[in-house]
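An overview of the molecular structure
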Amino acid sequence: MIELALPIERPRILSKGEKERLKTDILDTAIEERFPLVYAHLPEVETFISNSIDLIQRLELATYQRHPQIHTDTDVIYIDSGPGPYSYGMLEEGKTDLDDKNYHKWAWSRKMDRARIRAAYTLASLITAKRIEEEGGSLESPQALSVQDFANHSPYLMYTSVDWQEAHIKHALQIARQNGSFKIPDEKLVMYGQFINRAGEVKPIVHTEDQMEGLTLPNNPDGSNPRRVIIVSHPAHFPRLLSVLGKNPDRIPRETVLQLFPIPTPKDAVVPYATAELLGTIPTILVKQKGSFTPYRNYMI
């Protein structure tokens, strides 16, 4: 991302003391919840928590950069689904609520998935417009892009999720297409709610570890692997993603550039979301053995 002067106020950036308190609170809770297992791996758990908090804060800091660099070699923009429905105003016919059970108790979680999707769509628009410009065309703005422009020049927009989210997002996108606010055609969309695990079994996606273990990136029309993949998510989600990718590094082709694209965390969520994600990742590593204390490191921001 382009380096710019930071605003004076940075409420999502924790002080050294706040980071230490967060680390202590997460470690104490992890020990309390899973004493024998965590205590047996205490140095690794401590290091993982400390490094993860540092990464989260580095990613949070990156969200203050106003103008991200646009890479036209981006072939896939991947949204790893987040908390909350896209819109309660776009519920499927006959529905009065959604099955958002894991995070529903936290008000800050309501629009996090929506924020990821919107950021990814904005990125796809900027990349599409830049590609057209590089090929000698011109546009007044990315908002002027047509469905055909996206069909000819857009990267793939990829979204994986649990089944209720997949159904809800497909419905919401259909409405958005009708009102002209979403123009990416179906041939440039990749969505699925099931994955193939390491044993070759088809399973429904339930957790992040399923999404990463079964990550299946689309190839380019000529059959080649994507040149660059951008993952859009909130900062606290990336340690979990990278931990599971550390166990499944082959999900990212060797020649593919992986870029993390963090978006701002809701201010009220900075500490509780980081706490929830890291406390969820530790048993993913120690109990489920679906992640690694050595995360996937071949990425850029």
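That block above? That's the structure.
The shown structure was predicted, so the numbers you read here are calculated from the model rather than taken from an experiment.

The rules behind these values
Numbers given to residues run from 1 along each chain, matching the order in which its sequence is written. With the structure being a predicted model, the display of local features is reserved for residues of pLDDT at least 70 and the display and counting of side-chain atom pairs for 80 or more, all residues being used for whole-chain, interface and lining totals. As a convention, hydrogens and water are excluded, and side-chain values are obtained from all of the structure's heavy atoms. Put simply, the grid is 1 Å and covers the protein atoms alone, a cavity is a trapped set of points that fit a 1.4 Å probe, a pocket is an open set with protein on both sides within 12 Å along at least five of seven lines, and lining residues have an atom within 4 Å of a point. Grid points are joined across faces, edges and corners, and a volume is the space filled by probe spheres set on the points. Put simply, DSSP marks the helices as runs of H or I at least four residues long and the strands as runs of E at least two long, and each gets a number from the N terminus on. Note that Gly is not counted as nonpolar here; it falls among the polar residues with everything else outside the nonpolar set of Ala, Val, Leu, Ile, Met, Phe, Trp, Tyr, Cys and Pro and the charged set of Asp, Glu, Lys and Arg. For patches, a residue must show more than 30% relative accessible area and have no salt bridge; joins then use 9 Å for like charges and 5 Å for nonpolar side chains, namely Val, Leu, Ile, Met, Phe, Trp and Tyr. Exposure was quantified through the Shrake-Rupley algorithm and a 1.4 Å probe, taking into account, for residues, occlusion by the shown protein chains and nothing else. Note on definitions: salt bridges are taken to be side-chain nitrogens of Lys or Arg within 4 Å of carboxyl oxygens of Asp or Glu. Counted charges follow a simple rule, with Lys and Arg positive, Asp and Glu negative, and His plus the chain ends left uncounted. Charged groups are reduced to one reference atom each: NZ for lysine, CZ for arginine, CG for aspartic acid, CD for glutamic acid. Between buried and exposed lies partly exposed: a residue is buried under 20% and exposed over 50% of the maximum accessible area for its type, with that area taken using a 1.4 Å probe on protein chains only. Here the expected span of a helix is defined as 1.5 Å times the quantity of residues minus one.

Right, let's get into the layout of surface pockets. Of the volumes computed, that of the second largest pocket is approximately 240 Å³. Forming the walls of the second largest pocket are 14 residues, and the residues nearest its centre are Asn51, Ser52, Leu55, Pro295 and Arg297. Of all the secondary structure elements, the ones that give two or more residues to the lining of the second largest pocket are helix H3 (42-62) and helix H8 (238-247). Sorting elements by how many residues they give to the lining of the second largest pocket places H3 first, with seven residues. Looking at the lining of the second largest pocket residue by residue, the classes come out as eight nonpolar, three polar and three charged.

Residues Asp25, Asp28, Glu32 and Glu33 make up a contiguous surface patch of negative charge. When you line up the elements, Asp25 lands in helix H1 (residues 16-33). For Asp25, a relative accessible area of 47% corresponds to the partly exposed category.

For helix H4 (residues 112-134), with 23 residues, the first-to-last C-alpha span of 33 Å sits near the 33 Å given by 1.5 Å per residue. Looking one or two residues beyond H4, the residue adopting positive phi is Gly136, at roughly 95 degrees.

It is worth spelling out the pattern of salt bridges at this point. Within the structure shown, the criterion is met by ten salt bridges. Among the ionic pairs, Arg227 bridges to Asp75, the shortest N-O distance being 2.9 Å. Of this pair, Arg227 sits in the loop between helix H7 (208-213) and strand S6 (228-233) while Asp75 sits in strand S1 (residues 74-80), and the two are 152 residues apart along the sequence. Asp186 is the partner of Arg177 in a salt bridge, and the nearest nitrogen-oxygen pair spans 3.0 Å. Put simply, Asp75, Arg131 and Arg227 are held in one network by salt bridges that share partners.

Once that is clear, we can look at unusual backbone geometry. Positive phi values are uncommon outside glycine, yet Gln289 reaches one of about 55 degrees. Structurally, Gln289 can be placed in the segment after helix H9 (270-286). Owing to a relative accessible area of 54%, Gln289 belongs among the exposed residues under this scheme.

Coordinates in, geometry out; function isn't part of it.
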